[in-house]
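Here's the letter readout for the chains.
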Amino acid sequence: MSSRQRRRTASAIALSAAVTTGAALLLTGCGPTSPATAAGSPSAAGTRSPSPVGTATAPAQAPTAHTPSATASAPAGTAPAAPLNGTGGSGLTISDGTDYVVMNGTRVDFGTVVRDLSWSPNGSRAAFIDGSGDLVVADPDGSGRVVVARNTGGQVWSHPVWQVTAYDSQYKFPARDNLFFAVSTGGVSRLESIAATAVDGTPAPLPLGQLAGLPDLPQTGNLWPGTGGPQGAAVYANSGNGEVYIRDDYLRQQGMARTSGSEPALAPDGEIVFVRSVGGHDHLFELDQDSSDGAARDLTPNAATDYTEPAVSADGSTVAARTPSGIVTLPVNGSAAPVLVSGYVGLPAYRA
C-alpha cells in the first residue's frame, strides 16, 4: 500500500471512529476478435457506414501536438484498412453512440448501439447503455451481451461506471462488483446502482450520506458518476449547485462536496479530474485530495477550445478528454499541454 493509501486508510478509520463515538485481450496485444454470429451473440457487421473521422486540427493549447495521420477509407460496415490514430496500445477507447467502438487501432462492431462505454478495472468487461436505453455488459469484442437492467420507459439512463473491490480481510468486508449510473426521470436526475452480475435486475437508489457535521447531501440533480481506487470510492456532479462530490464507501458510506465543477473522473490514487468553465471555455482541472490547501490546478490554462468528458488511464498518469476536433491526452500532473491523438469525436475511456 502506498503512503497515500495508508494516509487515506488511517484518516478513514479515524473519521469513522469519530462518527461512531459522536480491447478481448490487453490492448498492447492483438485487438479483439470479431463478434460471433451464433445464437445469443451479436450479429455480424451490417451495412452501416463507419462513423466519420474528423478532419483533425490541434486544439489551440497544443503547440507540440501532432496532427493524426489520415485513416484509409473502408467499405461500409467494415473496419478501416489503416490503424486508427491514437488508440493502438494505449488503452484508450472511444464510443460515439454508434455500434462501433474505437480501440487498439481498429473499430469493433458491438452489434448494438453503444453509449457511455466504461470498462471494468481489469478490462475484461464493458458496460454501456444500448439503443433501447438498457444497461448492458459485454465482452470486449461485443459478444456475450447481458442486459443487467431493462429500462421500462420514461427514463434516460447514462454514464455507467464500475465499483469493484476485493474482499477486505482486515474488516471482513465482502467483495463488490457493482455498477453506478445516472437515471433521469422527467428531467430529475438521481444516481442508482445494481450488481454488475445481475440479469434483468432492478436498480436501487445509490445511498448518499454525508460526513458527520456537514449539511445533508442533495439526493436529486446528481449525475456523471466516476469511480476509482481499491476501496470503492466514487465522485459525481450535481447539476443544481454545480458542485463535485466525493463518496467514500470504505469503512462506512459518507460524502461531501469537494469543489465546483462537472463531469468528474477519479484517478486510481484519488486525484479528481473535472471540468470547470473559465473565460468562456471548458477547462480541465485536477484536485489532489491530499493537498494542504485543497486548491484545484488548471491543466489547460491557455484553452482556446472546450475540453470535456475526461477519463483517467488505468495507471493514473494520463487524462484523455473530448474536444470538438477529437480526443486529446495530457499528463495528470499538468507537465505538458494537450496533444490531439484521434480525430474521432466521442466519449473517451481507458481499458486496463
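All values reported here derive from a predicted model rather than from experimental measurement.

## Observations regarding the overall build of the protein
So, step 1. On a plain count of helices and strands, the protein comes out with one helix and 24 strands.
So, step 2. Looking at the 352 residues of the protein, the share that counts as buried comes to 48%.
So, step 3. Split by element, the accessible area of the protein, about 14,800 Å² in all, is 54% carbon and sulfur.

## Regarding the sheet that holds strand β15 (residues 253-260)
So, step 1. Judged by pairing direction, the sheet is antiparallel, and its four strands sit side by side in the order β12-β13-β14-β15 without closing on themselves. Two strands lie at the open edges of the sheet, namely β12 (222-228) and β15, each paired on one side alone. This sheet shows a mean twist of 25 degrees between the axes of neighbouring strands, independent of strand direction.
So, step 2. Judged from the five bridges that link them, strand β13 (residues 233-238) and strand β14 (residues 243-249) form a sheet pairing that is antiparallel.

## A few points about the packing of aromatic side chains
So, step 1. Evaluated as defined, the whole model comprises seven aromatic pairs.
So, step 2. Each ring, one from Tyr171 and one from Phe173, has its centre 5.8 Å from the other, and the planes form 25 degrees; the classification is stacked.
So, step 3. Residue classification places Phe173 among the partly exposed residues on the basis of a relative accessible area of 26%.
So, step 4. Taking the ring centre of Tyr100 as reference, the NZ or CZ of Arg107 above it sits at 4.1 Å.
So, step 5. Here Arg276 stacks its cationic end above the ring of Phe285, 4.6 Å away from the centre of that ring.

## Quick notes on the pairing of strand β4 (residues 115-119)
So, step 1. Bridging between β4 and strand β5 (residues 126-129) involves three bridges; their strand directions are antiparallel. Opposite Ser118, over in β5, you have Ala127 as the bridge partner.
So, step 2. If you look at the hairpin formed by β4 and β5, you'll find six residues sitting between the two strands, and Gly123 has a positive phi there, around 75 degrees.

## A few points about the pairing of strand β17 (residues 272-278)
So, step 1. As judged from the three bridges shared by strand β16 (residues 262-266) and β17, these two strands associate in the antiparallel manner. Each residue of the ladder has a partner; that of Ser262, found in β17, is Val275.
So, step 2. Following β16, the chain reverses through five residues before pairing antiparallel with β17; Gly270 in that reversal takes a positive phi of roughly 110 degrees.
So, step 3. Taken together, β17 and the strand that follows it, strand β18 (residues 281-287), pair antiparallel across an intervening segment of two residues, in which Gly279 is found at a positive phi of about 60 degrees.

## Here's the deal with the environment of Gly154
So, step 1. Within the element layout of this structure, Gly154 appears in the loop between β7 (146-149) and β8 (155-165).
So, step 2. Separated by 32 residues in the primary sequence, Gly154 and Gly186 place their C-alpha atoms 7.6 Å from one another.
So, step 3. With near-sequence residues (within four places) excluded, Gly154 lies in contact with Ser184, Thr185 and Gly186.

## Quick notes on the side chain of Gln163
So, step 1. Tracing the sequence through the fold places Gln163 in strand β8.
So, step 2. Exposure remark for Gln163: the relative accessible area of 2% places this residue in the buried category.
So, step 3. Within the structure, the side chain of Gln163 is placed 3.0 Å from the side chain of Asp249, a separation counted as a polar contact.
So, step 4. When sequence neighbours within four positions are dropped, the list of residues in contact with Gln163 reads Arg176, Asp177, Asn178, Phe180, Thr227, Gly232, Arg247 and Asp249.

## Details of the confidence of the model for the protein
So, step 1. When pLDDT is averaged along the protein, the result is 81; 75% of the residues meet or exceed 70.
So, step 2. Segment residues 1-31: pLDDT under 50, and 52 contacts once partners within four positions in sequence are set aside and those in other chains are kept.
So, step 3. Contacts for the low-pLDDT stretch residues 33-83, under 50 throughout, to residues beyond four places or in other chains number 106 contacts.

## Things to note about the environment of Asn241
So, step 1. The topology assignment puts Asn241 in the loop between β13 and β14.
So, step 2. Classification of Asn241 by relative accessible area gives partly exposed; the value is 38%.
So, step 3. For Asn241, the side chain forms a polar contact with the main-chain nitrogen of Glu243, separated by 2.9 Å.

## Here we look at the sheet that holds strand β1 (residues 92-95)
So, step 1. With antiparallel pairing, the four strands of this open sheet are ordered in space as β3-β2-β1-β24. Of all strands in the sheet, those with a lone pairing partner are β3 (106-109) and β24 (347-350), marking the two edges. The sheet shows a mean angle of 30 degrees between the axes of neighbouring strands, taken without regard to direction.
So, step 2. In this sheet, β24 lies alongside β1 in antiparallel orientation, the contact comprising four bridges. Looking at the pairing, Thr93 lines up with Ala349 of β24.

## Describing the nonpolar core
Nonpolar side chains tend to gather and get buried jointly when the protein is soluble and globular.
So, step 1. Membership of the largest hydrophobic core comes to 15 residues, with the highest contact counts inside it found for Leu284, Tyr307, Val312, Val319, Val328 and Leu330.
So, step 2. Those elements that place two or more of their residues in this core are β17, β21 (318-323) and β22 (326-331).
So, step 3. Formed by 14 residues, the second largest nonpolar core is a distinct cluster that contains Ala149, Phe181, Ala196 and Ala198.

Quick notes on the rules
Residues numbered from 1 in each chain as written. Predicted model: local features only at pLDDT ≥ 70, side-chain atom pairs only at ≥ 80, totals over all residues. Heavy atoms only, no water. Helix = DSSP H or I, 4+ residues; strand = E, 2+ residues; numbered from the N terminus. Buried < 20%, exposed > 50% of the residue type's maximum accessible area, 1.4 Å probe, protein only. Areas by Shrake-Rupley, 256 points an atom, 1.4 Å probe, with all protein chains shown as cover. Pairing = 2+ DSSP bridges. Axes fitted to C-alpha atoms, helices over the stretch in contact; angles between N-to-C directions. Phe/Tyr/Trp six-rings, centres within 6.5 Å; stacked < 30°, edge-to-face > 60°. Lys NZ or Arg CZ within 6 Å of the ring centre and 35° of its normal. Contact = heavy atoms within 4.5 Å. Polar contact = N/O pair within 3.5 Å; in protein donor to acceptor, adjacent residues only side chain to side chain. pLDDT = per-residue confidence, 0-100. Core = buried A, V, L, I, M, F, W, Y, C linked by side-chain atoms within 4.5 Å.

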